[in-house]
Amino acid sequence: MNWPLYVTPAHIVRLYDRFEALDKEKTGHLRPQDFGAINRLAMNPIGDRIIGAFFSPGQETVDFHSFVRILAHFRPADKKHPKDPSMPEPVNSRTSKLKFAFQLYDQDKDGKISRAELLQVLRSMLEMQVTEEQLESIADRTIQEADLDKDDAISFEEFRKSLEKVNIDHKMSIRFLR
Amino acid sequence: MACRTCLWLLGTTFFTCTVRLVVEGTEVGATQESHPEPGVVGSNHSQAGGGHGSSISGIQIVTFKWHHVEAPYLIALWILVAGVSKMVVELNHSLTSVIPESALLIIIGWILGGIIYGADKMQTFTLTPTVFFFYLLPQVILDAGYFMPNKLFFSNMGAILVYAVIGTCWNAATVGLGLWGCWLGGAMGDIDIGLLQFLLFGSLIAAVDPVAVIAVFEEVHVNEVLFIMVFGESLLNDGVTVVLFNVFDAFVSLGGAEIDAVEIIKGIISFFVVAFGGSLVGIIFALLISLLTRCTKNIQIIEPGFIFILGYLSYLTAEMLSLSAILSIVFCGICCQKYINANMDERSVTTVRYVMKVLANGSETIIFVFLGISAIDPAVWVWNTGFILLTLLFIFVFRFIGVFLLTWILNKYRLVPLEFIDQVVMSYGGLRGAVAYGLVAMLDENKFKEKNLMVSTTLIVVYFTVMLQGITMKPLVTWLKVKRAAVTELTLAEKIQNRTFDHMLVAIEDISGQIGHNYMRDKWHNFEERWLCWFLMKPSARKSRDYIFNIFHQLNLKDAMSYVKEGERRGSLAFVRNETKADVDFNKKFRASFSEIMPDIMADNMGPDHVPLSSILQDIVPSVCLDMHEQDLTMRESEDFNAHHLLQQHLYRGRKQHRHRYSRSHLETNRDENEVQEIFQRTMRSRLESFKSAKMGVAPAKKIQTKHQKKDKPQKMPNGNSSDKSKNHPYGDKDFEFSEGDGGSGGEAAGDLFPMRAYRVEAGIVNPAFMAEMDPMDNMQQIPHVALLPQTLNSFDT
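Note that the structure is a prediction, hence the values are computed from the model and not measured.

(A) Representation of the overall build of chain A. Of regular secondary structure, chain A possesses 9 helices and 2 strands. Counting helices and strands in the order they occur from the N terminus, chain A gives α-α-α-α-α-β-α-α-β-α-α. Going through the 178 residues of chain A one by one, you find that 56% of them count as buried. Across chain A, the fraction of contacts at a sequence separation of at least 24, relative to all contacts at a separation of at least 6, is 59%.

Okay, structure coming up:
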């Protein structure tokens with residue numbers, strides 16, 4: 001099996017244990033309910049979105065390969081090996097991580113974060129006492145700052161550019177996959 | 001006002017001194033040693049003395065029976081003085097935010113000690129080990145155990161044990177050996193001491209003190225993991241301290257020649273016996289308390305008393321068996337909290353909580369005041385520059401080295417590593433306190449010729465850590481954090497994205513799980529659910545633990561009733577299928593009638609964690625529909641808001657930045673719990689909405705979904721137990737049982753039908769025609785989030 005994910009065998013074993021623990025009915029696939037059983041996720045404002053990210057469009061289940069692949073996004077980038085242009089972009093590179101983050105916003109997969117999509121995310125991350133007007137104002141200003149071609153939406157390039165100063169590797173990695 | 005209290009304080013101490021002197025005057029007569037002439041109270045004294053000098057010839061109408069009440073009077077007076085000192089300290093809030101309260105209390109102790117010494121020419125009141133260990137410490141530790149956030153504690157148990165055991169041994173060894181080496185090198189001059197005595201001293205000065213840690217960390221708010229590490233370490237290291245102290249004490253008695261491998265092995269074995277034995281005693285007493293509260297239904301008025309008595313007994317029993325008393329009472333508190341909170345009446349629980357805080361706070365105040373007073377006693381002061389300075393240096397430096405070393409090792413195994421700033425705070429927060437002083441005061445002068453030197457050094461160490469480190473802790477933390485923050489102002493996109501990243505990471509960590517812990521935690525939960533709760537909790541308490549179920553149940557109930565009402569109003573329930581929006585804004589029409597429902601719901605049992613049901617439900621009424629236009633529209637006109645400011649204020653903070661929940665003086669739930677509740681409600685509500693809308697065949701409003709063509713197979717829900725997870729649910733340990741009103745049925749129900757059951761069984765007023773229309777769901781669009789709902793509810797556990 002081709003594992004261009006740079007995940008070590010030890011990690012695979014651990015992740016498989018976790019996969020099995022989540023897959024209570026032992027079907028070999030995970031369904032949204034299995035993720036939903038992690039009740040800590042219900043206390044996460046974007047928990048349901050993250051769950052959605054595991055499922056490719058049209059798919060109702062996640063197999064182990066996809067499970068690992070998504071989680072591998074969160075490995076710290078491998079600084080030692082230089083990037084080999086002939087190989088496909090590694091899953092945990094900065095670009096891949098940013099793409100993953102982008103997709104959390106862009107639910108309809110049109111390559112742009114529309115104002116409505118941004119509003120949705122903002123709504124879920126802000127306390128309930130924030131009014132609609134305040135929300136829209138924040139969304140408007142965010143788009144204003146990031147939108148370079150003035151199409152009232154944020155494309156992936158604009159997204160990437162707005163985060164160029166942020167240490168993505170640090171912010172989107174978890175130690176476990178080191 | 002301040003002046004008055006100060007004067008009163010001084011007056012009280014003068015009174016105390018006077019009274020004592022009077023007593024001695026009458027008893028002893030004019031003997032020299034116990035009867036110096038105090039300058040200030042001279043006139044009072046002679047007068048009183050004169051009055052008593054005459055012999056009694058007739059009936060005394062009023063007599064001054066000081067001896068009769070001496071002991072309790074003095075105790076009560078001192079408690080009063082301590083309380084008044086605390087009041088004086090708290091007068092000025094700007095002062096207490098800079099200098100921790102414990103430091104100020106010590107300073108007051110110095111003042112009082114000075115006054116008493118000035119009056120008596122000797123220190124009549126000191127913190128004796130007996131009083132400290134038997135009457136002042138137990139309630140502090142019981143409070144710590146009872147309010148311990150269990151889930152946090154046990155999830156980080158490994159790290160805590162590493163720090164407590166290995167860290168304390170490291171500290172003891174390095175400090176002891178370091179001092180010994182310096183002594184050999186001649187840095188301390190000529191003192192009558194040996195290696196073993198150094199090691200003993202090292203072991204008693206090495207232990208981080210729980211009283212001091214709480215007192216200082218109260219002011220400095222750190223994240224909960226860091227807090228639990230230091231706090232847990234300070235509690236658990238008693239096991240090590242007791243063993244090391246006793247072992248080295250025995251070694252010193254034996255003399256250096258008698259020590260061989262056997263003795264050392266016995267020492268190591270005694271560690272395990274003391275530690276595990278102490279914990280076991282605590283657990284046994286916790287079981288006793290839980291069982292007892294199960295039966296105290298008829299004597300609710302004295303229920304709270306049992307907790308304190310049995311807690312104290314656990315402490316004394318462990319002490320009697322020469323096991324670790326602190327470990328015993330800590331585990332007693334930790335293990336019993338859940339069961340007694342469930343078993344006891346509401347008011348008893350409140351009583352226990354408040355009395356616990358009163359006792360703990362009071363004890364802590366007295367401890368610090370007396371730590372100050374005990375210093376003003378020239379009899380114990382021996383100054384040895386080398387010894388004292390080296391001790392200070394070593395405990396500081398070796399603590400840092402120890403913590404960094406252990407953290408480096410631990411981070412290899414931890415999912416969430418401890419960052420640099422956390423480690424700095426942890427090292428700097430290793431405060432020594434009264435326990436060390438109590439231990440050193442227990443030393444036998446004959447065996448330890450340099451006891452006074454050790455006492456002096458200990459006092460100086462305590463003052464240094466509590467006062468200096470306490471004062472500088474907050475600025476240090478602020479400085480470090482500020483230093484690490486970005487210098488430039490972030491854009492909105494960056495701010496939002498940073499927070500998104502935080503939440504994302506937390507979610508991914510939860511999904512990937514802390515592998516290895518879950519299996520054990522699962523097993524424990526199954527065991528606990530089956531056996532312990534059955535054994536230790538009242539049957540009525542067991543039923544009412546289904547807290548989340550209750551909320552959800554009420555939600556459904558209300559929705560059902562509102563639909564039915566609307567249906568009655570319109571003539572039939574067909575409207576539901578015809579509306580484009582899944583929700584009808586019942587709120588505006590039926591707000592009045594809801595108020596009848598609310599009292600019933602609010603009268604329900606509060607969950608074990610005492611988050612009132614009503615506060616959650618009140619939130620729910622306006623949100624039968626998803627629109628949130630209940631806000632104040634005038635805000636826009638009247639305020640000139642800044643998007644950045646809004647983000648700052650209102651972004652959810654996410655788990656990483658939650659503060660610790662243990663506090664010596666505050667009992668209310670903190671903002672983080674409210675935040676978590678709010679997020680949780682929203683998630684559940686959104687899932688419920690999409691679930692319901694899927695059921696009723698209407699498109700869900702406002703959700704951008706990817707389309708799924710697959711059919712929805714009726715899900716067979718597994719048993720109520722679930723095999724997750726990393727962290728625990730804030731509403732308390734529970735397994736989610738589908739217990740109906742007339743008896744438990746276990747979790748076998750098919751999750752899809754859950755809302756139906758609620759409608760069918762509980763509401764009882766649903767139009768059967770309406771129900772029939774709901775059944776064919778085969779061709780429904782299935783949305784992933786919809787399916788999340790039943791599973792979540794069905795498998796709620798920690």
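(B) Broad picture of the overall build of chain B. Helices and strands together make up the secondary structure of chain B, namely 32 helices and 2 strands. Of all 798 residues assigned to chain B, the portion counted as buried reaches 56%. For chain B, restricting intrachain contacts to residue pairs at least 6 apart in sequence, the fraction spanning at least 24 positions comes to 81%. Counting every atom, chain B has about 34,900 Å² of accessible surface; 63% of that belongs to carbon and sulfur.

(C) Quick peek at the packing of helix 9 (residues 195-206) of chain B against helix 11 (residues 224-254) of chain B. Residue and element names in this part refer to chain B. Two elements in contact, helix 9 and helix 11, have axes whose closest approach is 9 Å; the angle formed by their N-to-C orientations is 165°. By the angle between their axes, helix 9 is roughly antiparallel relative to helix 11. Once helix 9 is placed against helix 11, the crossing between them reads as left-handed. Mapping the contact onto sequence places Leu196, Gln197, Leu199, Leu200, Ser203 and Leu204 in helix 9 and Thr241, Leu244, Phe245, Phe248, Asp249, Phe251 and Val252 in helix 11. Class assignment for the residues of the contact of helix 9 with helix 11 results in 9 nonpolar, 3 polar and 1 charged.

(D) Examining the UniProt feature "domain: EF-hand" (unreviewed entry) in chain A more closely. All names here are of chain A. Those residues carrying the UniProt feature "domain: EF-hand" (unreviewed entry) are residues 93-128 and 134-169 in this numbering. The distance from the first to the last C-alpha atom of residues 93-128 is 35 Å, and the span holds 64% helix and 8% strand. Its end C-alpha atoms 32 Å apart, residues 134-169 is made of 61% helix and 8% strand.

(E) Main features of a nonpolar patch on the surface. All names here are of chain B. A cluster of nonpolar side chains, Ile283, Leu287, Trp524, Phe527, Trp531, Trp534 and Phe535, forms an exposed patch at the surface whose accessible area comes to about 710 Å². Counting only elements with at least two residues in the nonpolar patch, the list comes to helix 12 (261-294) and helix 21 (517-536). Of the residues forming the nonpolar patch, the biggest block, 5 residues, is contributed by helix 21. For Phe535, the position within the fold is in helix 21.

(F) Region of interest: the nonpolar core. Of all hydrophobic cores here, the largest spans 151 residues; its most connected members are Phe132, Leu137, Tyr163 and Leu371 of chain B. Broken down by element, this core gets its largest block of residues, 18 residues, from helix 11 of chain B. Residues contacting Tyr163 of chain B, with those up to four places away along its chain left out, are Thr168, Met229, Glu233, Val403, Leu406, Thr407, Leu410, Leu418 and Met426 of chain B. Counting 62 residues, the second-largest nonpolar core is a separate cluster that includes Leu41, Val68 and Val91 of chain A together with Ala507 of chain B.

(G) Examining the confidence of the model for chain B more closely. Residues and elements named next belong to chain B. Per-chain confidence: chain B averages 71 in pLDDT, with 64% of residues scoring 70 or above. Mean pLDDT per element in chain B: strand 1 (residues 739-740) is the minimum at 29, and helix 13 (residues 303-320) is the maximum at 93. Across residues 25-53, where pLDDT falls below 50, the model places 20 contacts with residues more than four positions away in sequence or in other chains. Counting interchain partners and residues more than four positions distant, the pLDDT-below-50 stretch residues 698-798 has 243 contacts.

(H) Just the packing of aromatic side chains, in detail. Per the stated rule, a full pass over the model turns up 35 aromatic pairs over all chains. Through pairs of rings, three or more aromatic residues link up here, namely Tyr16, Phe19, Phe35, Phe54, Phe55, Phe64 and Phe67 of chain A. We note Lys357 of chain B situated over the ring of Phe147 of chain B; from NZ or CZ to the ring centre the distance is 4.0 Å. The side chain of Lys412 of chain B reaches across the aromatic face of Trp408 of chain B, ending 4.2 Å from its centre.

(I) Representation of helix 14 (residues 325-343) of chain B. Residue and element names in this part refer to chain B. Over its 19 residues, helix 14 runs 26 Å from end to end, which matches the ideal 27 Å to within 8%, given 1.5 Å per residue. Within helix 14, the axis deviates most sharply at Cys336, by approximately 45°. The buried count for helix 14 comes to 18 of 19 residues, which makes it a mostly enclosed element.

(J) Examining the environment of Gln300 of chain B more closely. All names here are of chain B. Considering the arrangement of structural elements, one finds Gln300 in the loop between helix 12 and helix 13. In this structure, the C-alpha to C-alpha distance between Gln300 and Arg347, residues 47 residues apart in sequence, is 8.8 Å. For Gln300, the contacting residues outside a window of four places in its chain are Asp345, Arg347 and Ser348.

(K) Structural detail: the pattern of salt bridges. Within this structure, the stated rule accounts for 17 salt bridges over all chains. When the shortest N-O distance is used, the salt bridge between Glu132 of chain A and Arg123 of chain A registers 3.6 Å. Exposure remark for Arg123 of chain A: the relative accessible area of 12% places this residue in the buried category. A salt bridge links Lys266 of chain B to Glu263 of chain B, with the nearest nitrogen and oxygen atoms 3.8 Å apart. Taken together, the residues Lys266 of chain B and Glu263 of chain B, both in helix 12 and 3 residues apart, mark about one turn of the helix. Residue Lys266 of chain B is classed as partly exposed on the basis of its relative accessible area of 48%.

(L) Here's a closer look at the packing of helix 3 (residues 66-89) of chain B against helix 15 (residues 346-375) of chain B. All names here are of chain B. Between helix 3 and helix 15, the least distance of the axes is 9 Å, while the angle of their chain directions is 95°. Considering their axes alone, helix 3 and helix 15 lie roughly perpendicular with respect to each other. Where helix 3 abuts helix 15, its residues Trp78, Ile79, Ala82, Ser85 and Lys86 lie against Asn361, Thr365, Ile366, Val369, Phe370 and Ile373. In terms of residue class, the contact of helix 3 with helix 15 is made up of 7 nonpolar, 3 polar and 1 charged.

(M) Spotlight on the environment of Pro57 of chain A. In this fold, Pro57 of chain A is placed in the loop between helix 3 (47-54) and helix 4 (64-72). Sequence spacing of Pro57 of chain A and Asp108 of chain A is 51 residues, and the spatial spacing of their C-alpha atoms is 9.7 Å.

(N) Fine view of unusual backbone geometry. Residues and elements named next belong to chain A. A positive phi angle is found at Lys26, which is not glycine, with a value near 55°. Take Lys26: it is sitting in the loop between helix 1 (9-22) and helix 2 (32-36). Positive phi values are uncommon outside glycine, yet Asp152 reaches one of about 60°. Structurally, the position occupied by Asp152 is in the loop between helix 7 (132-146) and strand 2 (153-155). A relative accessible area of 45% means that Asp152 is categorised as partly exposed.

(O) Fine view of the state of the cysteines. All names here are of chain B. Here the structure, examined in full by the defined rule, presents 0 disulfides over all chains. The thiol of Cys336 is unpaired, and the distance to the nearest cysteine sulfur, on Cys332, comes to 5.0 Å. Given a relative accessible area of 2%, Cys336 falls into the buried group.

(P) Here's a closer look at the side chain of Lys97 of chain A. Inspection of the secondary structure assignment puts Lys97 of chain A in helix 5 (residues 94-105). Leave out the neighbours within four places in its chain, and Lys97 of chain A touches His73, Phe74, Arg75, Pro76, Ala77, Val91, Asn92, Ile168, Asp169, Met172 and Ser173 of chain A.

Conventions we followed
- Residues numbered from 1 in each chain as written.
- Chains lettered and ligands numbered in written order.
- Predicted model: local features only at pLDDT ≥ 70, side-chain atom pairs only at ≥ 80, totals over all residues.
- Heavy atoms only, no water.
- Helix = DSSP H or I, 4+ residues; strand = E, 2+ residues; numbered from the N terminus.
- Buried < 20%, exposed > 50% of the residue type's maximum accessible area, 1.4 Å probe, protein only.
- Contact = heavy atoms within 4.5 Å.
- Areas by Shrake-Rupley, 256 points an atom, 1.4 Å probe, with all protein chains shown as cover.
- Axes fitted to C-alpha atoms, helices over the stretch in contact; angles between N-to-C directions.
- Parallel < 35°, antiparallel > 145°, perpendicular 65-115°, else oblique.
- Left-handed = near helix turned anticlockwise from the far one by under 90°.
- Nonpolar A, V, L, I, M, F, W, Y, C, P; charged D, E, K, R; others polar.
- UniProt positions renumbered as here; feature names shortened; annotations may be inferred.
- Patch = residues over 30% accessible without salt bridge, like charges linked within 9 Å, V, L, I, M, F, W, Y side chains within 5 Å.
- Salt bridge = Lys/Arg side-chain N within 4 Å of Asp/Glu carboxyl O.
- Core = buried A, V, L, I, M, F, W, Y, C linked by side-chain atoms within 4.5 Å.
- pLDDT = per-residue confidence, 0-100.
- Phe/Tyr/Trp six-rings, centres within 6.5 Å; stacked < 30°, edge-to-face > 60°.
- Lys NZ or Arg CZ within 6 Å of the ring centre and 35° of its normal.
- Expected span 1.5 Å × (residues − 1).
- Bend = angle between axes of the 7 residues up to and from the residue.
- Disulfide = S-S within 2.5 Å.

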